[in-house]
Amino acid sequence: MAADLIVAQGLRKEYAGRLKQDPPTLALESFDLRVAEHEVACIVGPSGCGKTTLLNMIAGFEQPTAGTLTVRGLPIKGPSPERSVVFQQAALFPWLTVWDNVVMGPKLRGVDAAKLERDTKRVLESIGLAGFESHYPYQLSGGMRQRVQIARVLVASPDVILMDEPFGSLDAQTRIVMHEVLLRVWAEYKPTIFFITHDVEEALILADHVYVMSRRPGRVKAKIRVPFDRPRSYELIGNPEFATMRAGIVGMLREEWTGAAAQGAVATT
Ligand SMILES: Nc1ncnc2c1ncn2[C@@H]1O[C@H](COP(=O)(O)OP(=O)(O)OP(=O)(O)O)[C@@H](O)[C@H]1O
Ligand SMILES: [Mg+2]
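Criteria and thresholds
- Residues numbered from 1 in each chain as written.
- Chains lettered and ligands numbered in written order.
- Predicted model: local features only at pLDDT ≥ 70, side-chain atom pairs only at ≥ 80, totals over all residues.
- Heavy atoms only, no water.
- Domains from an automatic or database assignment.
- Contact = heavy atoms within 4.5 Å.
- Buried area = accessible area lost by both parts, 1.4 Å probe.
- 1 Å grid on protein atoms, 1.4 Å probe; cavity = no way out; pocket = protein on both sides within 12 Å on 5 of 7 lines; lining within 4 Å.
- Points joined across faces, edges and corners; volume = space filled by probe spheres on them.
- Helix = DSSP H or I, 4+ residues; strand = E, 2+ residues; numbered from the N terminus.
- Nonpolar A, V, L, I, M, F, W, Y, C, P; charged D, E, K, R; others polar.
- Salt bridge = Lys/Arg side-chain N within 4 Å of Asp/Glu carboxyl O.
- Buried < 20%, exposed > 50% of the residue type's maximum accessible area, 1.4 Å probe, protein only.
- Pairing = 2+ DSSP bridges.
- Axes fitted to C-alpha atoms, helices over the stretch in contact; angles between N-to-C directions.
- Parallel < 35°, antiparallel > 145°, perpendicular 65-115°, else oblique.
- Left-handed = near helix turned anticlockwise from the far one by under 90°.

A.B. asks: How should I be thinking about the domain arrangement of the chain in this particular structure?
C.D. replies: Accessible area lost upon the coming together of the parts is a frequently used measure of interface size. By domain assignment, the chain separates into domain 1 (4-82 + 159-262) and domain 2 (90-157). Listed as interface residues are 14 residues of domain 1 and, on the opposing side, 13 residues of domain 2. Across the interface of domain 1 and domain 2, roughly 1200 Å² is buried in total on both sides, 68% from carbon and sulfur atoms. Area buried by domain 1 at its contact with domain 2 is led by P81, M178 and Y189, which between them contribute 37% of it.

This is the structure in C-alpha cells:
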C-alpha cells in the first residue's frame, strides 16, 4: 500500500460575505480525505459542494478556516511547483510558442537548460505534441491547448497534479483522446492526480478511487475503489461491473441533488 500523500482532517472552509452584513458561506465542514501517493483520485459531487474550494486549498491558493490539510505530513503554506494546477480553460500565454509556454516556469526557476530541453522534448513527444513546438496557441485545437497545459505541468515533475474539470469544455471525442493521453502520462510518470469532474464515466475510467461528495458543506460521502486493471481503455464502458458502479455513483449524486432541491439549495449554474 502506498503512503498517504494528501491528508485532510476536520477541514473547514468558510468564506466571509462580500459585505459585512452578508452571511458567510460554509463550503466545507468536518471534511476528511486521504489520497495515497501515485493515486488517481477523482472527485465528484453536486455543483457548489466545495470541490474547487478543496482543490484551491491543496494548491495553496486558499487557506483552511480550521482543521488540517497536509502533503507528506506538512501543512500547505502556499502555492508550490510540487503541486501544479491544470485549469478548465487552458491558461497559455498567447504570444509564446508551445515550446516557450512549456519551458517558461522551470526556466524562471533556473532549471538546468540542457536537462530542461531533454525533459521538454520527452514530454511533448509522450503527450503527442512533437512537431508543434513552434506553433502559437491560436494555431491549436482546444484539446491540443489542454495538452500543452498538461505538458507544462509535467516538465515541472510535480508530486501532485490538480485538475479542475480539465476536459469539461472539450467535445466527446476529444475527451476520449485526452483520457487516453492522461492514462498514458500517468503510467509513464506516476504523479498523484487529483481530478475534479462532473462526469461519472470519466471518473471510473481514470480513477483508482472515486470520492463522492455530499452537498454543501461538502464531505466525502463515499470513497469507492475502482477495481479495473490498468492499462485501461474505453472498452471498459461495455463491462457490466462498470455499468453497475456508474449507476451506483449516479444514484448517490442524485440523492444529494434531490436533498438539496428539497431544501431549496440547488445551485442553478
Ligand atoms: N472566493 C469565494 N468567496 C465566497 N464564496 C465562495 C468563494 N469560492 C467559492 N465560494 C462558495 O463556496 C461554495 C463552494 O464553491 P466551490 O466553487 O468550491 O464549489 P464546486 O463544488 O467547485 O462547484 P462546481 O461543481 O459548480 O464547480 C459555493 O457556495 C460558493 O458560492
Ligand atoms: Mg468547481
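A.B. asks: Explain empty space enclosed by the protein here, please?
C.D. replies: Once rolled over the atoms, a probe with the size of a water molecule shows which space is left empty. Evaluated as defined, the whole model comprises 1 cavity of 30 Å³ or more. Here the largest cavity is characterised by a volume of approximately 30 Å³. Taken together, V40, L182, L183, W186, I193, L206 and R230 form the lining of the largest cavity. A per-element tally of the lining of the largest cavity places helix α5 (residues 172-189) first, with 3 residues. Split by residue class, the lining of the largest cavity holds 6 nonpolar, no polar and 1 charged.

A.B. asks: Sorry if this is basic, but what is going on with the pattern of salt bridges here?
C.D. replies: It is possible for side chains of opposite charge to pair when their charged atoms get near one another. With the rule as written, the count across this model stands at 17 salt bridges. For the salt bridge of E29 with R12, the shortest nitrogen-to-oxygen distance reads 3.2 Å. Separated by 17 residues along the polypeptide, E29 in strand β2 (residues 25-36) and R12 in strand β1 (residues 4-15) bring together distant segments of the chain. Taking the relative accessible area as the measure of exposure, E29 reaches 24% and is therefore partly exposed. For E201, the salt bridge is made with R246, and the minimal N-O distance between the two is 3.2 Å. A residue pair is termed long-range when its members are at least 10 positions apart, and E201 in helix α6 (residues 200-206) and R246 in helix α7 (residues 240-262) qualify at 45 residues. In this structure E201 comes out as partly exposed when scored by relative accessible area, which is 25%. Each member of the salt-bridge network shares a partner with another, and the members are R12, E14, E29 and R219.

A.B. asks: Looking at this structure, how should I read the pairing of strand β3 (residues 40-44)?
C.D. replies: Consecutive side chains along a regular strand alternate between the two faces of the sheet. With respect to burial, β3 is a largely interior element, 5 of its 5 residues being buried. Every second residue of β3 is oriented toward a common face, with V40, C42 and V44 on one face and A41 and I43 on the other, all of them buried. Note: β3 against strand β9 (residues 209-213), 4 bridges, orientation parallel. Across the sheet, the residue bridging to I43 is Y211, located in β9.

A.B. asks: I tried to follow the packing of helix α2 (residues 98-108) against helix α3 (residues 113-126) on my own but got confused; where do I start?
C.D. replies: In helix packing, the relevant descriptors are the interaxial angle and the interaxial distance, both defined with respect to the helix axes. Running from N to C, α2 and α3 point in directions that differ by 135°, and their axes come no closer than 11 Å. Classified by the angle between their axes, α2 and α3 sit oblique to one another. Between α2 and α3 lies a crossing whose hand is right-handed. Residues V98, W99, V102, V103, P106 and K107 of α2 pack against L116, E117, T120, K121 and L124 of α3.

A.B. asks: Help me out: how do you make sense of the packing of helix α4 (residues 142-155) against α5 in this one?
C.D. replies: Running from amino to carboxyl end, α4 crosses α5 at an angle of 15°, the nearest separation of the two axes being 11 Å. Between α4 and α5, the angle is such that the two are roughly parallel. In the crossing of α4 with α5, the sense of the turn from one axis to the other is right-handed. Seen from α4, the contacting residues are G143, Q146, R147, I150 and L154; seen from α5, they are T174, M178, V181, V185 and Y189. In terms of residue class, the contact of α4 with α5 is built from 6 nonpolar, 3 polar and 1 charged.

A.B. asks: Would you mind going over the sheet that holds β2 with me for this structure?
C.D. replies: Two modes of strand pairing occur in sheets, parallel and antiparallel, and in both the strands are linked by backbone hydrogen bonds. Across the sheet, 4 strands lie side by side as β2-β1-β4-β5; this open sheet has antiparallel pairing. The sheet terminates laterally at β2 and β5 (74-75), the two strands that pair on one side only.

A.B. asks: Looking at this model, I keep getting lost on the sheet that holds β3. Mind explaining?
C.D. replies: The 6 strands are arranged β6-β7-β8-β3-β9-β10 in an open sheet whose pairing can be described as mixed. Two strands lie at the open edges of the sheet, namely β6 (83-86) and β10 (220-225), each paired on one side alone. Looking at each pair of strands side by side, their axes are set apart by 20° on average, direction ignored. Pairing analysis gives 5 bridges linking β9 to β10, with the strands arranged antiparallel.

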